[in-house]
Amino acid sequence: MAMLKIENLKVNYGYISALRDVSIEVDTGEIVTLIGGNGAGKTTTLMAISNLVNKADGTVLFKDRDVSYMSPDKIVQMGLSHVPEGRKIFPALSVYENLIAGTMGNPSLSKQRIEELLDFSFELFPRLKERTKQHGGSLSGGEQQMLAIARGLMMDPSLIMLDEPSLGLAPILVEEIFEMIVEIRKAGKTILLIEQNAAMALAIADRGYVLETGDVVLHGTGKDLLVDPAVMKAYLGY
Amino acid sequence: MKEGSYANMWDTPPSYSLYETGEAGRMDYFLNQLINGICQGAIYALMAIGYSVVVGVVGMVTFTHGEVIMIGAFAAYYMFFLSGNQIILGLIVSFAASWVLGYFVYKVCYERFFNAPRHVSLLTTIGFSMLIKNLSQIIFGPNQKPMLDVVEANFFRIGAVQISELQIVIIITVIIMATLLSLIFNKTKFGIRLKAVSQDKTASYMVGINVKRVAMLGNCLGCGLGGIAGLLLAVYYQTIQATMGGPLGMKAFASSVLGGLTDVRFSALGGLCIGIIENLGITVTTASFRDMFAFGFLILVLIIRPQGFVSKKGAKV
Ligand SMILES: Nc1ncnc2c1ncn2[C@@H]1O[C@H](COP(=O)(O)OP(=O)(O)O)[C@@H](O)[C@H]1O
Ligand SMILES: [Mg+2]
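Predicted, not measured: the structure shown is a model, and the values here were computed from it. (Residues numbered from 1 in each chain as written. Chains lettered and ligands numbered in written order. Predicted model: local features only at pLDDT ≥ 70, side-chain atom pairs only at ≥ 80, totals over all residues. Heavy atoms only, no water.)

What follows deals with the coordination of the magnesium ion (ligand 2). Residues and elements named next belong to chain A. Coordination of the magnesium ion (ligand 2) by the protein comes from T43 (OG1) and E85 (OE), over a distance range of 2.0 to 2.3 Å. In this pair, T43 is assigned in helix 1 (residues 42-49) and E85 in the loop between strand 6 (80-83) and helix 3 (95-101), connecting sequence segments 42 residues apart. According to the relative accessible area criterion, T43 is partly exposed, its value standing at 24%. Residue E85 is classed as partly exposed on the basis of its relative accessible area of 32%. (Donors = N, O, S within 2.8 Å, 3.2 Å for Na, K, Ca; no water. Helix = DSSP H or I, 4+ residues; strand = E, 2+ residues; numbered from the N terminus. Buried < 20%, exposed > 50% of the residue type's maximum accessible area, 1.4 Å probe, protein only.)

So this is what it looks like as structure tokens:
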């Protein structure tokens, strides 16, 4: 069953056409990755799904409901979590407060469930546990990224969208983050992962879409795309 | 009720004019002015706290805060009349009246302009403040009204320095309000929402916060505090007037500049500074120069550090 279905999405920024015609499906339990170079329109796709930019055309169906014009916070409250590019944690909130802010998208969480989710976050990212009282803005880049992902998980979403979680991180941290993403899927989450790091993203993804200047030019299973000559040449550096 | 003893209602509170006769020594006069300054500064601090909550959470400037303060003062005036000087009732009603006005300010001046250029809220709030000021002159009358004495005129003396019961009540009220606000900001989920929205609206949407609703409530909260500041000013000066908001809104703004308009603590400090500077300033000049010191302070801060003295974005308490 398609949990998220995007059809013929089109977005313009003034005269710039950022998305021309993007259609993507994410099935329940999948890791789907959206790869593409800088400026291909990956971030814009997520922003359009969350209704944080205006669509010129197209529809977004989430859990079989048309959310194309729903208020962004309502979409989140349906169980769609968006971990933005550049982390966008709350710099002047403590790590703990950032995580509690992450629960706002799910008013039905009980106190006990919130405790469980906090434990889960600290299991995934033990480093955060040592820094609960520290301001988000005082964390290192890698820690901020972990906090952003943990915050996105605190609402116990059905689907989590991760926008370039490995951007700007040291290689060892990048591997750690990808391991976490696999863990998150094991915990029952569906994942839409955006990456420039195509090799690693395709390696853990069930399916992938290749985006170029606002168009989906290729899609297939992660395995197939990894050995696709065009993908290898453009994104894998062979 | 002492009337007519001072030309401009914002010159010097009536009870303190006795020091200008020169009976007490210059030092005593100075110390008493310092106490008057702290008291005045506490009220300015409350105005500024409200102002910075509004600007921080909404993310747009406001020029209606003076009118919000004025409405709080009038609400208290009528409540004191009806209730026979019940100060607690007055506090509740002035908070509520300014909260409600804040709701209309939000609806008219902000709600549709979150994505508009920054100067739009400047225009909408200036226009709306004119509307309220003129409506108030029609409804309440254009003249000064004498405020009722809600606190007995008792004085406590330490040597030649004196502090009135009213001043103590004012300072305590401000401290209680600031503490309550700090508790809301730091100990409740609503506080986390307020802080999140003031720091990053897009990220707030992404965690599922109803940003517009939180901005509305934050705006109303800041306005409610302004209303209480209005009550305090009215009982301190023992007079109110429909046009009193103008210089007050500017002083709230001037105080908040210290904290880059959004840092609550620095705004409070700015208010306190302006109160003290004003009252010490008039010891070396005359009372009619009061505003010159307040806005001199504003200009000085703007020259030295136009971005304020804090680097973090967003409301903080
Ligand atoms: N806020 C914006 N205003 C104008 N153009 C934008 C804006 N955001 C992105 N763009 C443009 O839209 C295109 C797609 O950008 P983006 O979605 O950020 O790509 P990606 O995430 O794949 O790097 C780019 O050409 C970019 O310059
Ligand atoms: Mg991007």
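Moving on, we get to helix 7 (residues 171-186) of chain A. Residue and element names in this part refer to chain A. In this model helix 7 runs 23 Å from its N-terminal to its C-terminal C-alpha over 16 residues, within 8% of the 22 Å that 1.5 Å per residue would give. Among the residues of helix 7, L173, V174, I177, F178, M180, I181 and I184 are the ones counted as buried. Seen end-on, helix 7 carries its buried residues on one side only, within an arc spanning 155°. Turned more than 90 degrees away from the buried face of helix 7, the exposed residues are P171, I172 and K186. Among the residues trailing helix 7, G188 stands out with phi positive, at a value near 100°. (Expected span 1.5 Å × (residues − 1). Arc of directions from axis to C-beta.)

This part is about the site of ligand 1. Residues and elements named next belong to chain A. Taken together, Y13, A18, G37, N38, G39, A40, G41, K42, T43 and T44 are the residues near ligand 1. Between ligand 1 and the protein, one listed contact pairs an oxygen atom with a backbone N or O atom of A40 at 3.2 Å. The contact in question runs from an oxygen atom of ligand 1 to an N or O atom on the side chain of T44, over 2.5 Å. Considering ligand 1 on its own, with 560 Å² of exposed area, one finds that the protein chains cover 61% of that surface. The greatest single-element share of the shell around ligand 1, amounting to 3 residues, is contributed by helix 1. Of the residues contributing to the shell around ligand 1, the split by class is 3 nonpolar, 6 polar and 1 charged. (Near = heavy atom within 4 Å. Polar contact = N/O pair within 3.5 Å; in protein donor to acceptor, adjacent residues only side chain to side chain. Areas by Shrake-Rupley, 256 points an atom, 1.4 Å probe, with all protein chains shown as cover. Nonpolar A, V, L, I, M, F, W, Y, C, P; charged D, E, K, R; others polar.)

Once that is clear, we can look at the domain arrangement of chain A. All names here are of chain A. Assigned domains within chain A: domain 1 (1-79 + 158-238) and domain 2 (89-157). Each of domain 1 and domain 2 was reduced to a C-alpha centroid, and the two centroids are 23 Å apart. With 18 residues of domain 1 in contact, the opposing surface of domain 2 contributes 17 residues. In this assembly, domain 1 packs against domain 2 so that about 1,400 Å² is buried in total across both faces, 73% of it on carbon and sulfur atoms. Counting the contacts that link domain 1 with domain 2 gives 2 salt bridges. Measuring nitrogen to oxygen at the nearest pair gives 2.5 Å for the salt bridge that ties K189 to D156. Counting the contacts that link domain 1 with domain 2 gives 3 residue pairs in polar contact (both at pLDDT 80 or more). Counting only elements with at least two residues in the side of domain 1 that touches domain 2, the list comes to helix 2 (72-77), strand 7 (159-163) and helix 7. When the residues that make up the side of domain 1 that touches domain 2 are grouped by side-chain class, the tally is 11 nonpolar, 3 polar and 4 charged. (Domains from an automatic or database assignment. Contact = heavy atoms within 4.5 Å. Buried area = accessible area lost by both parts, 1.4 Å probe. Salt bridge = Lys/Arg side-chain N within 4 Å of Asp/Glu carboxyl O.)

This paragraph deals with the pattern of salt bridges. Residue and element names in this part refer to chain A. Scanning the entire structure with this criterion turns up 20 salt bridges over all chains. Note that R131 and E130 form a salt bridge whose closest N and O atoms lie 3.3 Å from each other. With a relative accessible area of 61%, E130 lands in the exposed category. Between R185 and D206 there is a salt bridge, and its shortest N-O distance comes to 2.8 Å. Here R185 is found in helix 7, whereas its partner D206 is found in the loop between helix 8 (198-204) and strand 9 (207-212), with 21 residues between them in sequence. With a relative accessible area of 25%, R185 lands in the partly exposed category. Residue classification places D206 among the partly exposed positions, given a relative accessible area of 30%. Salt bridges linked by common partners bring R113, E116, D156 and K189 together as one network.

Another aspect to go through is the interface of chain B and chain A. Contacts between chain B and chain A engage 18 residues on the former and 24 residues on the latter. Of the roughly 2,000 Å² buried between chain B and chain A, counting both surfaces, carbon and sulfur atoms make up 69%. In terms of surface lost to chain A, no three residues of chain B exceed I192(B), M206(B) and V207(B), which account for 34% of the buried area on that side. The tally of links between chain B and chain A comes to 2 salt bridges. Here K195(B) ties to E97(A) by a salt bridge, and the two come within 2.8 Å at their closest N and O atoms. At the boundary of chain B and chain A, one finds 4 residue pairs in polar contact (both at pLDDT 80 or more). Secondary-structure elements contributing two or more residues to the side of chain B that touches chain A are helix 6 (189-199) and helix 7 (201-206) of chain B. Of the residues forming the side of chain B that touches chain A, the biggest block, 6 residues, is contributed by helix 6 of chain B.

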